[in-house]
Number of protein chains: 2
Amino acid sequence: MVAKSMAEDIGFRAALEEAQKGASEGGVPIGACLVSAEGKIMGRGHNMRVQKSSATLHAEISALENAGRLPASAYKGATMYTTLSPCDMCTGACILYKIKRVVLGENNTFVGGEDYLKKRGIEVVNLQNAVCEELMKTFIKEHPEDW
Amino acid sequence: MVAKSMAEDIGFRAALEEAQKGASEGGVPIGACLVSAEGKIMGRGHNMRVQKSSATLHAEISALENAGRLPASAYKGATMYTTLSPCDMCTGACILYKIKRVVLGENNTFVGGEDYLKKRGIEVVNLQNAVCEELMKTFIKEHPEDW
């Protein structure tokens with residue numbers, strides 16, 4: 001187990017990089033990164049709604065998918081970093097894999113399943129990060145039809 | 001709007017065909033099919049855990065993904081047919097897309113988010129279909145490591 005702050009740095013930085021990558025591709029700028037209990041990145045990804053016309057590749061789903069098929073034990077103590085409050089599908093995905101903690105960048109743009117995550121025993125941390133919020137603000141202003 | 005029984009036939013038959021296709025590929029034999037309010041198949045698919053080493057392509061996610069990116073209005077009144085009670089992720093996906101009804105093949109093998117679907121206003125129908133259950137029984141017996 002590494003210090004929480006170090007994992008936080010690695011995980012949140014990767015999620016934010018993914019969101020910025022999404023923005024540079026003209027996509028919905030939401031990124032996510034799954035970090036193990038040991039502080040290692042298991043998978044990272046960003047929303048692919050625009051890029052792949054995907055209905056399901058939200059950032060968290062992309063991160064889980066890119067982590068590959070793993071034994072249930074691999075997710076033990078893992079944290080999902082995401083730049084935006086997770087929707088109902090991504091909330092369910094975190095519950096399915098028994099993720100320990102969800103760290104979200106902000107929830108001013110959208111409030112997802114935070115309460116349900118907590119109800120299901122998952123710790124939720126909101127960083128209220130201005131960069132995450134600004135990415136979404138810019139995207140919604142420039143591409144209202146894609147939000 | 002077509003008669004519910006006709007849509008039920010089309011949707012459930014397609015979901016079962018998908019489950020059987022999954023079985024023939026050596027995969028987890030769970031299939032799903034999304035049917036519109038008008039009774040048209042929007043997307044169908046099966047679990048790809050084994051075939052693609054996928055952590056997220058459950059049957060319902062595959063069906064939604066194969067339906068492509070659609071406007072929210074396309075899901076209005078839609079029914080998700082699935083051969084097995086949906087897991088938390090797939091439950092969340094049905095909630096996200098405001099699916100009207102979830103028709104599941106059986107829940108003897110596994111009980112998923114049925115109560116939560118109902119709580120979120122989604123109708124749940126359980127067909128308790130013996131063919132769906134037998135597919136799962138055979139798979140779990142032959143591939144216990146994959147279930």
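Quick summary incoming for the structure in this document. (Residues numbered from 1 in each chain as written. Chains lettered and ligands numbered in written order. Predicted model: local features only at pLDDT ≥ 70, side-chain atom pairs only at ≥ 80, totals over all residues. Heavy atoms only, no water.)

### With respect to the interface of chain A and chain B
- With 27 residues of chain A in contact, the opposing surface of chain B contributes 27 residues.
- For the pair chain A and chain B, the summed buried area comes to about 2,100 Å², and 54% of that belongs to carbon and sulfur atoms.
- Taken together, the connections running from chain A to chain B amount to four salt bridges.
- A salt bridge links arginine 120 of chain B to aspartate 88 of chain A, with the nearest nitrogen and oxygen atoms 3.1 Å apart.
- At the junction of chain A with chain B, the criterion picks out 14 residue pairs in polar contact (both at pLDDT 80 or more).
- The set of elements that each furnish at least two residues to the side of chain A that touches chain B consists of helix 2 (59-67), helix 3 (88-96) and helix 4 (114-119) of chain A.
- The element contributing the most residues to the side of chain A that touches chain B is helix 3 of chain A, with six residues. (Contact = heavy atoms within 4.5 Å. Buried area = accessible area lost by both parts, 1.4 Å probe. Salt bridge = Lys/Arg side-chain N within 4 Å of Asp/Glu carboxyl O. Polar contact = N/O pair within 3.5 Å; in protein donor to acceptor, adjacent residues only side chain to side chain. Helix = DSSP H or I, 4+ residues; strand = E, 2+ residues; numbered from the N terminus.)

### Considerations on the sheet that holds strand 5 (residues 123-126) of chain B
Residues and elements named next belong to chain B.
- Spatially, the five strands line up as an open sheet ordered 2-1-3-4-5, and their pairing is mixed. The outermost strands of the open sheet, each flanked by one partner alone, are strand 2 (41-46) and strand 5. Shown here is a sheet whose adjacent strand axes are inclined to one another by a mean of 15°, direction ignored.
- Pairing between strand 4 (residues 101-104) and strand 5: four bridges, direction parallel. Across the sheet, valine 102 pairs through a bridge with valine 124, a residue of strand 5. (Pairing = 2+ DSSP bridges. Axes fitted to C-alpha atoms, helices over the stretch in contact; angles between N-to-C directions.)

### What to know about the side chain of aspartate 88 of chain B
- Tracing the sequence through the fold places aspartate 88 of chain B in helix 3 (residues 88-96).
- Each residue touching aspartate 88 of chain B, except ones within four places of it in the same chain, is listed here: Gly92, Ile95, Leu96, Tyr116 and Arg120 of chain A.

### Thoughts on the environment of arginine 69 of chain B
- In this structure, arginine 69 of chain B sits in the loop between helix 2 (59-67) and strand 3 (79-82).
- Those residues in contact with arginine 69 of chain B, other than ones at most four positions away along the chain, are Arg49, Val50, Ser53, Ser54, Glu145 and Asp146 of chain A.
- Here aspartate 146 of chain A takes part through its side chain, which lies 2.6 Å from a polar atom of the side chain of arginine 69 of chain B.

### Considerations on the relation of the copies chain A and chain B
- Mapping chain A onto chain B leaves a residual RMSD of 0.0 Å; the transformation is a rotation of 180° accompanied by 0.0 Å of translation along its axis. Taken together, these values place the two copies in the relation of a two-fold axis.
- When the interface residues of chain A are mapped onto chain B, 100% of them are again interface residues, pointing to one common binding face. (Least-squares fit on C-alpha atoms with pLDDT ≥ 70 in both.)

### Details of unusual backbone geometry
- You will see that serine 53 of chain A, though not glycine, has its phi angle at about 45°, which is positive.
- Unusually for a residue other than glycine, glutamine 128 of chain B sits at a positive phi of about 40°.
- Summarising the element assignment, glutamine 128 of chain B is placed in the loop between strand 5 and helix 5 (130-142).

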